[in-house]
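# Residue-level structural notes
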Amino acid sequence: GREGIAFVDTLEGADKVGRANFMLSYTWGYTLGDIIDSLTEYCRNRGLDPKRTYVWICAFCINQHRVQELQRSGGTVPFDDFAAEFGSRVKSIGHV
């Protein structure tokens with residue numbers, strides 16, 4: 001394989017990866033610590049098991065490296081491709 005896989009592709013085991021039941025809209029302005037603290041508090045407030053609460057975060061699940069690779073070679077990723085990729089996943093989650 002090529003370098004630059006999506007972060008989610010490096011995870012294994014039921015305590016680390018599963019079918020997402022929540023989606024988190026992310027901005028690069030948040031620190032990883034802020035995200036972890038927020039998700040921990042969310043689980044605690046709702047009585048959710050953090051090891052079985054799977055959150056889909058686009059920055060970790062969509063392979064951004066392939067987009068950059070394509071851009072360096074002069075190509076682009078059409079918006080419709082992104083919309084299809086995001087749309088199908090968000091709809092299947094049900095909690096945004």
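Report follows, based on the coordinates. (Residues numbered from 1 in each chain as written. Predicted model: local features only at pLDDT ≥ 70, side-chain atom pairs only at ≥ 80, totals over all residues. Heavy atoms only, no water.)

## Focus on the packing of aromatic side chains
Tallying each qualifying case throughout the model produces one aromatic pair. The interplanar angle of 75 degrees and the centroid separation of 5.5 Å between the aromatic rings of Phe-22 and Tyr-42 together place this pair among those described as edge-to-face. Pair noted here: Phe-22 is in strand β1 (residues 22–24) and Tyr-42 is in helix α1 (residues 32–46), with a separation of 20 residues, a long-range link. A relative accessible area of 29% places Tyr-42 in the partly exposed class. (Phe/Tyr/Trp six-rings, centres within 6.5 Å; stacked < 30°, edge-to-face > 60°. Helix = DSSP H or I, 4+ residues; strand = E, 2+ residues; numbered from the N terminus. Buried < 20%, exposed > 50% of the residue type's maximum accessible area, 1.4 Å probe, protein only.)

## Let's talk about the nonpolar core
Side chains of a nonpolar character, in soluble globular proteins, are inclined to be buried together. If you look at the biggest cluster of nonpolar residues, it comprises seven residues: Ala-20, Met-23, Trp-56, Cys-58, Cys-61, Ile-62 and Ile-93. Beyond its immediate sequence surroundings of up to four residues, Ala-20 is in contact with Tyr-54, Val-55, Trp-56 and Ile-93. (Core = buried A, V, L, I, M, F, W, Y, C linked by side-chain atoms within 4.5 Å. Contact = heavy atoms within 4.5 Å.)

## What about the pattern of salt bridges?
Counted under the stated rule, the structure contains one salt bridge. The shortest N-O distance in the salt bridge between Glu-41 and Arg-44 comes to 2.4 Å. Residue Glu-41 and its partner Arg-44 are located together in helix α1, separated by three residues, close to a single helical turn. Judged by its relative accessible area of 33%, Glu-41 falls in the partly exposed class. By relative accessible area, Arg-44 is classed as exposed at 55%. (Salt bridge = Lys/Arg side-chain N within 4 Å of Asp/Glu carboxyl O.)

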